[in-house]
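# Architecture at a glance
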Amino acid sequence: SACYLNLRTVAAKMRSNAPLAAQIHSVLNTEELHLDGRVRVHHLLDVLATDLGPAAIRTRVVQPLEGLRIAPYYGCQCLRPFADFDDPEMPISMEPLIRATGAEVFPWKMGGRCCGASHMSTQREVGIRLVADILEAARGADAVVTVCPMCQLNLEAFQGLAGRAADQDLHISVLYLPQLLGLALNVDTAGLGVGMNLALDAALVRRVTAAA
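A brief structural summary. (Residues numbered from 1 in each chain as written. Predicted model: local features only at pLDDT ≥ 70, side-chain atom pairs only at ≥ 80, totals over all residues. Heavy atoms only, no water.)

### Remarks on the sheet that holds strand E4 (residues 173-176)
Spelled out, the test is: Strands were regarded as paired on the criterion that DSSP finds at least two bridges between them. Put simply, DSSP H or I for four residues or longer makes a helix, DSSP E for two residues or longer makes a strand, and each gets a number counted from the N terminus.
The strand order across the open sheet built from four strands is E2-E1-E3-E4, with neighbouring strands paired in parallel fashion. Of all the strands in the sheet, just strand E2 (104-105) and E4 have a single pairing partner and so form its edges.

Pasting the structure below:
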């Protein structure tokens, strides 16, 4: 999502800031390169939700994820400041994709909250508190699904610290959205990289893949 935000910001400034665009072109010309500014930058979630769409996913589901309650977590940078494909305050674009797999959407209001991002390196206490709030709100869900690798890392790697800060057990499985979709499409778990997740209940994976 950070890469998307940086690329999206450059695309917007190239169209809106003529002096900056001229300066960039001047630098690029020394290498015989050119940026015409017409390229549209899409977030992965935008491609899945808008260009592909839940109906296309639903027709390819081999292993329905029935009975799973999934908390969709968007984070900040795919939604702000460019509200290209969803509402930053009440995002919903992931919900039809989750339902297309046969899973249920866990009702909560933390999907667009910040996980602390790089504050985990610079202001650890702030980041831990933010992660604790998100994980606490997700209690009752089977997994949190995110579309941002940095968010996934924070929500996975700091569950222990967040739990100790909140004085409660906040452990929960965390999946990247393509992993969730891949499980429903019966993609090999090794190919999905689920063995590399830092917070993924093996029983949940067995539950999903048992009938495949």
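### Here's the deal with the packing of helix H1 (residues 2-16) against helix H2 (residues 18-29)
What counts, and what does not: Only the stretch in contact is used when fitting a helix axis, every axis being a line fitted to C-alpha atoms; angles between N-to-C directions are given from 0 to 180 degrees. Throughout, the term roughly parallel applies to angles under 35 degrees, roughly antiparallel to angles over 145, roughly perpendicular to angles from 65 to 115, and oblique to all others. The contact criterion used is simple: two residues touch if any of their non-hydrogen atoms lie within 4.5 Å. Residue polarity is assigned by list, with Asp, Glu, Lys and Arg as charged and Ala, Val, Leu, Ile, Met, Phe, Trp, Tyr, Cys and Pro as nonpolar; anything else, Gly included, falls into the polar class.
Between H1 and H2, the shortest axis-to-axis distance is 6 Å and the interhelical angle comes to 110°. What the angle tells us is that H1 and H2 run roughly perpendicular. Contacts between H1 and H2 involve Lys13, Met14 and Ser16 on the former and, on the latter, Ala18, Leu20, Ala21, Ile24 and His25. Here the residues of the contact of H1 with H2 are counted per class, giving five nonpolar, two polar and one charged.

### Some remarks on the nonpolar core
Filter applied, for reference: For this analysis, a nonpolar core means a set of buried residues of the types Ala, Val, Leu, Ile, Met, Phe, Trp, Tyr and Cys, connected via side-chain atoms within 4.5 Å. Each residue is placed in one exposure class: buried if its accessible area under a 1.4 Å probe, protein chains only, is under 20% of its type's maximum, exposed if it is over 50%, and partly exposed if it falls in between.
Judged by nonpolar contacts, the single largest core of 36 residues is most densely connected at Leu45, Leu65, Ile70, Met94, Leu177 and Leu180. When residues of this core are assigned to their parent elements, the largest contribution, five residues, is made by helix H10 (residues 177-184). Those residues in contact with Leu45 that sit more than four places away from it in its chain are Thr50, Tyr74, Phe85, Ser93, Met94, Leu97, Val147 and Leu177. If you look at the next biggest cluster of nonpolar residues, it comprises 25 residues, including Ala71, Phe106, Val144 and Ile172.

### Structural notes on the side chain of Asp86
Stated formally: Asp and Glu are treated as the negative residues and Lys and Arg as the positive ones, with His and the ends of the chain left uncounted. For this document, the term salt bridge refers to a Lys or Arg side-chain nitrogen within 4 Å of an Asp or Glu carboxyl oxygen. Counting of polar contacts relies on pairs of N or O atoms within 3.5 Å, with two restrictions inside protein: one atom must be capable of donating a hydrogen and the other of accepting it, and residues adjacent in sequence are counted only when both atoms are side-chain atoms.
Relative to the elements of secondary structure, Asp86 occurs in the loop between strand E1 (69-73) and helix H5 (95-100). The side chain of Asp86 is buried and forms no salt bridge, while Arg80, the nearest opposite charge, is found at 10 Å. Within the structure, Asp86 has its side chain in polar contact with the backbone nitrogen of Ile92 (distance 3.0 Å). A polar contact of 2.6 Å, which involves the side chain of Asp86, links it to the side chain of Ser93.

Treat this as a map of the structure, not an account of what it does.
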